[in-house]
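Geometric and topological summary
Chain by chain, the residues run as shown.
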Amino acid sequence: MNSSILALDQGTTSSRAMVFSLSGECLAVAQEEFTQHFPHPGWVEHDAEQIWHTQEKVMRAALAQAGAQAAAKPTAIAITNQRETTVLWHRHSGKPLAPAIVWQDRRTAPVCAALKAEGKAAMIQAKTGLVLDAYFSATKLAWLLDHTPNARAMADAGELAFGTIDTWLMWKLTQGRCHATDPSNASRTLLFNIHTQTWDEELLALFRIPRSVLPEVKPSSGFFADAFVDGSTLPIMGLAGDQQAALYGQSCLRAGEAKNTYGTGCFMLMNTGTQAVSSKNQLLTTTAWQIGNSPPQYAMEGSVFMAGAIVQWLRDNLGIINTASDIEALAGSVPGSEGVCLVPAFVGLGAPHWNADARAMLCGLSRGSTRAHIARAALEAIALQNLDVVNAMRSDSGLALQSLRVDGGATQNALLMQIQADLLEVPVVRAGNAESTAWGAAKLAATALGLATVDAGQAQHFYPDLGRARQEQMNGLKTRWQEAIQACLGLS
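Since the model is a prediction, treat every value here as computed from it, not as a measurement. (Residues numbered from 1 in each chain as written. Predicted model: local features only at pLDDT ≥ 70, side-chain atom pairs only at ≥ 80, totals over all residues. Heavy atoms only, no water.)

Remarks on the pattern of salt bridges
Selection rule: When a carboxyl oxygen of Asp or Glu lies within 4 Å of a side-chain nitrogen of Lys or Arg, that pair is called a salt bridge. Comment: elements are numbered from the N terminus, with helices defined as DSSP H or I runs of at least four residues and strands as E runs of at least two.
Taken as a whole and judged by the stated rule, the model has 26 salt bridges. Glu-32 is the partner of Lys-57 in a salt bridge, and the nearest nitrogen-oxygen pair spans 3.1 Å. With a gap of 25 residues between them, Lys-57 in helix α1 (residues 48-67) and Glu-32 in strand β3 (residues 26-33) connect regions that are remote in the sequence. With its nearest N and O atoms 3.6 Å apart, the salt bridge here joins Glu-49 to Lys-95. In this pair, Glu-49 sits in helix α1 while Lys-95 sits in the loop between β6 (87-90) and β7 (100-101), placing the two residues 46 residues apart along the sequence.

Let's talk about unusual backbone geometry
Put simply, the rule is: Under the scheme applied here, a residue whose accessible area is under 20% of the maximum for its type counts as buried, over 50% as exposed, and between as partly exposed, the area being computed with a 1.4 Å probe on protein chains only.
The omega torsion of the bond from Ala-351 to Pro-352 falls at 0°, within 30 degrees of zero and hence cis. Structurally, Pro-352 can be placed in the loop between β19 (341-343) and β20 (361-363). One non-glycine residue with positive phi stands out, namely Gln-175, at about 55°. Along the polypeptide, Gln-175 turns up in the loop between α6 (165-173) and β9 (180-181). Although it is not a glycine, Gln-282 sits at a positive phi angle of roughly 60°. Position of Gln-282 relative to the elements: it lies in the loop between β16 (266-273) and β17 (284-289). A residue is classified by how much of its surface remains accessible, and Gln-282, at 35% relative accessible area, is partly exposed.

Details of α1
For the record, the criterion: What a helix is expected to span follows from its residue count: subtract one and scale by 1.5 Å. The definition of a polar contact used here is a pair of N or O atoms within 3.5 Å, where within protein one atom must be able to donate a hydrogen and the other to accept one, and adjacent residues in sequence count solely through side-chain atom pairs.
Under the 1.5 Å per step criterion, the end-to-end length of α1 is 28 Å for 20 residues, consistent within 8% with the ideal 28 Å. All buried positions along α1 are accounted for by Ala-48, Glu-49, Ile-51, Trp-52, Thr-54, Gln-55, Val-58, Met-59, Ala-62, Leu-63 and Ala-66. The N-cap residue of α1 is Asp-47: its side-chain oxygen and the backbone nitrogen of Glu-49 are 2.9 Å apart.

Examining the sheet that holds strand β2 (residues 14-21)
Note the cut-off: For two strands to be treated as a pair, DSSP must find at least two bridges joining them. All axes here are fitted lines through C-alpha atoms, helices being fitted over the stretch that makes contact, and every angle between N-to-C directions spans 0 to 180 degrees.
Taken together, the six strands give an open sheet; going across it, the order is β3-β2-β1-β5-β14-β13, and neighbouring strands pair in mixed fashion. The outermost strands of the open sheet, each flanked by one partner alone, are β3 and β13 (221-229). Mean inter-strand twist for the sheet, computed between neighbouring axes without regard to direction, equals 25°. Bridge analysis of strand β1 (residues 4-10) against strand β5 (residues 76-81) gives six bridges, and the strand direction is parallel.

Considerations on the pairing of β16
Counting buried residues along β16, seven of its eight residues qualify, which places the element largely inside the surrounding structure. Pairing of strand β15 (residues 258-262) with β16 involves five bridges; the strand directions are antiparallel. Within β16, the residue paired with Ala-258 across the bridge is Met-270. Sheet topology places β16 next to strand β18 (residues 297-304); seven bridges connect them, and they run antiparallel. Opposite Gly-273, over in β18, you have Tyr-298 as the bridge partner.

A look at the pairing of β3
Relative to β3, β2 runs antiparallel, the two sharing seven bridges. Its bridge partner lying in β3, Ser-14 is registered against Glu-33.

Concerning the nonpolar core
For clarity, the cut-off: Here, nonpolar core means buried Ala, Val, Leu, Ile, Met, Phe, Trp, Tyr and Cys residues that are tied together by side-chain atoms lying within 4.5 Å of each other. Working rule for contacts: check all heavy atoms of both residues, and any pair within 4.5 Å makes them a contact.
If you look at the biggest cluster of nonpolar residues, it comprises 64 residues, and the most contacted ones within it are Tyr-262, Ile-327, Val-343, Leu-379, Leu-404 and Leu-423. It is helix α12 (residues 371-397) that provides the largest number of residues to this core, a total of 15 residues. Apart from the residues lying within four places of it in its own chain, the contact partners of Tyr-262 are Ile-382, Asn-386, Leu-404, Val-406, Asp-407, Gly-408, Gly-409, Ala-410, Thr-411, Leu-416, Met-417 and Gln-420.

Such coordinate-based values are descriptive only and should not be taken to indicate function.
Here it is in structure tokens:
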């Protein structure tokens, strides 16, 4: 019987379960959304129990689909997850003490600002590879301990457990027998020293986190524990945070190989091999994965806040297009943006600028500017933001990018992919397997089992146009973009 892997993909808005063959074919899939809670401005919460119930439901549904095919019966479980979201629960009852604080939540920004004022940011970045920001888990966990009745006393007594969503799911799957995570998720907490691959005592003291609440850190590809599923057991063999899983799913296994996920925003990761490269350009350094007892692999990460969300803005706020897919034809109806430039800082600027106060600018308009020029400028803005991240990665790592592997909904826009290739001057390779994240987790589990995998689907290449006219056009775009970025930052 052919082997297959059950991949649990727990995201920010929905839980999914997929069964993959070793060739990357999706044999079964189920998905269910869950509730987003916004109790106060800047607060974002999830019900951890609801997350578990939706994940359990889709897991059973996918297994039922797979059960109709004898060859699709899984031999192991893999987990990939939204990162940084913080859950605190009681070890004996298994019940969360409070709502989970989502990675998007900003309630602890003042704490981070105070620590920056105390001069702690450089030490934290040196140990964790991360910027000091409310995005990560440490201040969220400290907030839960401080604002949940009796939480600190229970934590000191060893009665509480902390985890990001991967750890929470593993606890539930194993009926409380396994409290663990992997280096890719641990490295997103601000509590994990990525150089020693251990929880850091100085950071625990700084954030006032008792060591007793922390999970054990195990290799991303290896045996975690047996999950109890419908009266039988399946070993959990693979685990990685969603972006690192996508990097593995895209087979970016060597230093210098990079992937970019185009969704609401963009997440770009470059494999830097066994070297944790410290960024001078405000990128994040993160553990990518660890295979068994081999040394961990590292990555540099840059986040772009607005990508597909720009297209939504053109559709919903300006009415320039009726559907998101309309933008490709509209933008393609003109040969260029004719000087129009959009800096999409609607919620600030991400990497490599990290300016939360910046706001969007639309400039370079003339009487001849049309909605087609604005649509074209919007696609260029997505690609130009990613160019900034790539240039920062090249500068920090000294590694030459040979190609950029891409996934996500916006990659279906061929014009955007061609603009990206022309700006980067390297091929852009669209994944043949659209499910890079879940497939990456499945591949980690297969690797742990000693099973060979083959990436399914035919990748599509977008090669850069290196003709003189196109190069001049791209150089003009880059110059206008940098001028607009500086103007935008000057007004923040």
